[in-house]
Each structure stands twice: as C-alpha cells, then as structure tokens.
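Commentary on secondary and tertiary structure
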Amino acid sequence: MSKISFGILARTPGLLIRLAFSALKFKRGVKRCARKMKKGLIKGGMSRDRAKELVCKYEEDLSIRKFIKSNMGDSGLPSIFPFND
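Residues numbered from 1 in each chain as written. Predicted model: local features only at pLDDT ≥ 70, side-chain atom pairs only at ≥ 80, totals over all residues. Heavy atoms only, no water.

Moving on, we come to the overall build of the chain. Scanning the chain from terminus to terminus reveals three helices and zero strands. Its helices and strands taken in sequence order, the chain reads α-α-α from the N to the C terminus. Counting the 85 residues in the chain, one finds 8% classified as buried. Sequence-distant contacts, at least 24 apart, represent 29% of the contacts inside the chain between residues at least 6 apart. Summing over all exposed atoms, the chain offers an accessible surface of approximately 7,600 Å²; the carbon and sulfur share of this is 63%. (Helix = DSSP H or I, 4+ residues; strand = E, 2+ residues; numbered from the N terminus. Buried < 20%, exposed > 50% of the residue type's maximum accessible area, 1.4 Å probe, protein only. Contact = heavy atoms within 4.5 Å. Areas by Shrake-Rupley, 256 points an atom, 1.4 Å probe, with all protein chains shown as cover.)

Bringing the pattern of salt bridges into the picture now. Tallying each qualifying case throughout the model produces two salt bridges. Measuring nitrogen to oxygen at the nearest pair gives 3.8 Å for the salt bridge that ties aspartate 61 to lysine 57. Of this pair, aspartate 61 and lysine 57 both sit in helix α2 (residues 48-61), separated by four residues, roughly a single helical turn. According to the relative accessible area criterion, lysine 57 is partly exposed, its value standing at 44%. (Salt bridge = Lys/Arg side-chain N within 4 Å of Asp/Glu carboxyl O.)

A grouping of Lys25, Lys27, Arg28, Lys31, Arg32, Arg35, Lys36, Lys39, Arg65 and Lys69 is seen on the molecular surface, where their side chains present a positively charged patch. Every element with two or more residues in the positive patch is listed here: α1 (3-43) and α3 (64-70). Considering each element in turn, the positive patch owes the most residues, eight residues, to α1. The topology assignment puts arginine 32 in helix α1. Judged by its relative accessible area of 39%, arginine 32 is partly exposed. (Patch = residues over 30% accessible without salt bridge, like charges linked within 9 Å, V, L, I, M, F, W, Y side chains within 5 Å. Lys, Arg positive; Asp, Glu negative; His and termini not counted. Charge placed at Lys NZ, Arg CZ, Asp CG, Glu CD.)

This part takes up a nonpolar patch on the surface. Together, Leu15, Leu16 and Leu19 give the surface a local cluster of nonpolar side chains, amounting to about 290 Å² of exposed area. Residue position: leucine 19 is located in helix α1.

A separate point is the environment of alanine 51. Within the fold, alanine 51 resides in helix α2. Each C-alpha atom of the pair alanine 51 and leucine 41 lies 6.1 Å from the other, and the pair is ten residues apart in sequence. When residues no more than four places from it in sequence are discounted, the contact partners of alanine 51 are Lys38, Leu41, Ile42 and Met46.

As structure tokens, then:
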C-alpha cells in the first residue's frame, strides 16, 4: 500500500465521526423547526390534526436518507461524479 492509502485510512474515523455529528445536528435543527412550524400553524388557526400532518410531511422531505437517495445514480454512486453512467 502507498502512503496515500494509509493517510486515507488514518483520516477515515475522524471523517465519519464529523459526518455523524453533522447529521445529528441537521436532524435536531429540522425537528426544532418542525416544532416551531406546528406551533405557528396552530396559532394561525389550523386544526391540530392538519398541522401535525403537514409537519410530518415537512420532516419526511428533509430526511438525510431521502436527500442522499435522491442524489444517487442507478449504479449506487453519487451522481456528481462524471464517470457515473
């Protein structure tokens, strides 16, 4: 193995930890915004059931898994890579 591959292996755990914390931070922000949105909708006169339904849809649309899945090509590689045919 070359020095480059050892360097990549050495940095991988740190990268994964940062990505995990970023994902959790994003999810926490979405939940916080959804809570504020629900309170605002109810305060604006919408029924609780309809507000809950809209907030669930909002949280579903901002899912990290859904975001990643929408950016993947048919081959399973991210569609940003030019060699993804």
